[in-house]
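Fold and geometry: a report
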Amino acid sequence: MIAGLELGGTKCVATLARGREVIDQRRVPTRDAAATVGDLTAILDGWVAAHEVEAIGVAAFGPISTDRAAADFGTFLATPKPGWQGFTLAAHLRDRYGLPVGLDSDVNGAALAEGRWGGAVGMANHAYVTVGTGVGVGLVVGGRTMAGRAHSEMGHIFVDRMPGDEAPGICPFHGGCVEGLIAGPALAARAGVAGEALDELHPIWNPFVHVLARLVHTIVLTGAPERVALGGGVLTSRPGLIAQVDAAVRASLGGYAQASFGVGAPVLGDQAGPLGALAIALDVLEGGTA
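Residues numbered from 1 in each chain as written. Predicted model: local features only at pLDDT ≥ 70, side-chain atom pairs only at ≥ 80, totals over all residues. Heavy atoms only, no water.

1. With respect to the pairing of strand S4 (residues 55-60)
- Taking burial as the measure, the six residues of S4 include six buried ones, the bulk of the element.
- Side chains of S4 alternate between two faces, with Ala55, Gly57 and Ala59 and Ile56, Val58 and Ala60 buried alike.
- One ladder, built from six bridges, connects strand S1 (residues 2-7) with S4; its direction is parallel. Among the inter-strand pairings, Ile2 is bridged to a residue of S4, identified as Ala55.
- Here S4 pairs with strand S5 (residues 101-105) via five bridges, running parallel. If you follow Ile56 over to S5, its bridge partner there is Val101. (Buried < 20%, exposed > 50% of the residue type's maximum accessible area, 1.4 Å probe, protein only. Helix = DSSP H or I, 4+ residues; strand = E, 2+ residues; numbered from the N terminus. Pairing = 2+ DSSP bridges.)

2. Focus: the pairing of strand S3 (residues 21-29)
- Sheet topology places strand S2 (residues 11-18) next to S3; eight bridges connect them, and they run antiparallel. Residue pairing for S3: Leu16 is matched across the bridge by Asp24.

3. Observations regarding the sheet that holds strand S7 (residues 135-141)
- Overall, mixed pairing links the five strands, which are arranged S8-S7-S6-S9-S10 in an open sheet. Two strands lie at the open edges of the sheet, namely strand S8 (144-145) and strand S10 (262-264), each paired on one side alone.
- Looking at chain direction, strand S6 (residues 126-131) and strand S9 (residues 227-231) are connected through four bridges and run parallel. Paired with Thr130 across the strands is Gly231, a residue of S9.
- Relative to the sheet, helix H3 (residues 106-117) contacts S6, S7, S8 and S9, its axis offset from that of S7 by approximately 45 degrees. (Contact = heavy atoms within 4.5 Å. Axes fitted to C-alpha atoms, helices over the stretch in contact; angles between N-to-C directions.)

4. Some thoughts on the state of the cysteines
- Tallied over the entire structure, the rule returns zero disulfides.
- With no disulfide of its own, Cys177 lies closest to Cys171 among cysteine sulfurs, the gap being 3.8 Å. (Disulfide = S-S within 2.5 Å.)

5. Here we look at the nonpolar core
- Of all hydrophobic cores here, the largest spans 37 residues; its most connected members are Phe208, Leu212 and Leu230.
- Of all the elements in the fold, those that place two or more residues in this core are S6, S7, helix H4 (178-182), helix H6 (205-223), S9, helix H7 (233-236) and helix H8 (239-253).
- Among the elements that take part in this core, H6 stands out by supplying 10 residues, more than any other.
- Counting 30 residues, the second-largest nonpolar core is a separate cluster that includes Ala60, Phe73, Ala90 and Val101. (Core = buried A, V, L, I, M, F, W, Y, C linked by side-chain atoms within 4.5 Å.)

6. Examining the packing of H6 against H8
- Where H6 contacts H8, the axes come no closer than 8 Å and their chain directions differ by 55 degrees. Taken as axis vectors, H6 and H8 run oblique relative to one another. By crossing handedness, the relation of H6 to H8 is classed as right-handed. Packed against H6, whose contacting residues are Trp205, Phe208, Val209, Leu212, Ala213, Arg214, Val216, His217, Val220 and Leu221, the element H8 presents Leu241, Gln244, Val245, Ala248, Val249, Ser252 and Leu253 at the interface. (Parallel < 35°, antiparallel > 145°, perpendicular 65-115°, else oblique. Left-handed = near helix turned anticlockwise from the far one by under 90°.)

7. Structural notes on helix H2 (residues 89-97)
- When we look at burial in H2, the residues that qualify are Leu89, Ala90, Leu93 and Tyr97. Mapping the buried residues of H2 onto a view down its axis gives an arc of 100 degrees, with all of them on the same face.
- At its buried positions, H2 is contacted by S1, helix H1 (33-50), S4 and S5. (Arc of directions from axis to C-beta.)

8. Description of the pattern of salt bridges
- For the structure shown, the criterion picks out 11 salt bridges.
- We note a salt bridge from Arg214 to Asp160, for which the minimum N-O separation is 2.7 Å. Taken as a pair, Arg214 in helix H6 and Asp160 in the loop between S8 and H4 lie far apart in primary sequence, 54 residues in all.
- The salt bridge partner of Arg161 is Asp165, with a shortest N-O separation of 3.9 Å.
- Judged by relative accessible area, which is 25%, Arg161 ranks as partly exposed.
- Classification of Asp165 as buried rests on a relative accessible area of 10%.
- Among the ionic contacts, a cluster of salt bridges with common partners joins Arg116, Asp283 and Glu286. (Salt bridge = Lys/Arg side-chain N within 4 Å of Asp/Glu carboxyl O.)

Take it as geometry only, folks, not as evidence of what the structure does.
Shown next, in the form of structure tokens:
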């Protein structure tokens, strides 16, 4: 029996499971650290009292320290989310429950889940890209996530844009990085309306596809993934955009280093994130380093 916590920008999902079999799952809104973790530990308290929970896995937004050997393992770093910077989440959970705690980024967790149960089963190298409140990349190489002192933050790299795309970008740290250009809030700033109101024929998707394809191009040439899953709230209801990104990546590669790779939606759908937290918990029990 394991417990998983997925911490997202707008909501958190707590899951109790036996392996992958979900026994209970609950959602709470993401607020400041004290309030949000208070909600989550209230749920965990009940589960730990009623069941023989063996480990807790956390898949969290970042930046957060993911180095298990570091004194600040599981501590939030320079995150723009109010009330989270400096919060020692892993230590808080270990002290409260006395259980093994695994922790990784939310997108790394989703990538691990796709590798265990989804579209990347049997693949040593694969990636998961989420486009929602932010843009994140989970990269698995040799069966393990790319994590050291911290985790990958490829959503904050700079790429070239379509000619004529002059949007300033809204990332508070980098302006026109990938996240600053194509995350949900960036799209709303570009269009002047909420992203949900933008259908797939809106011209805003042209620079979106271009930027996301450039990101995937970089991932293909650095991590050599066999598959790149494109998920997150912005893409979930717009599958046609994923096909456009796939075509744009292949065109930009121009036949170079194009050993078979696939671009598609996550097979686990909107459960990739919650299952990612469970995958991290299982890695801890199996002696992994998530």
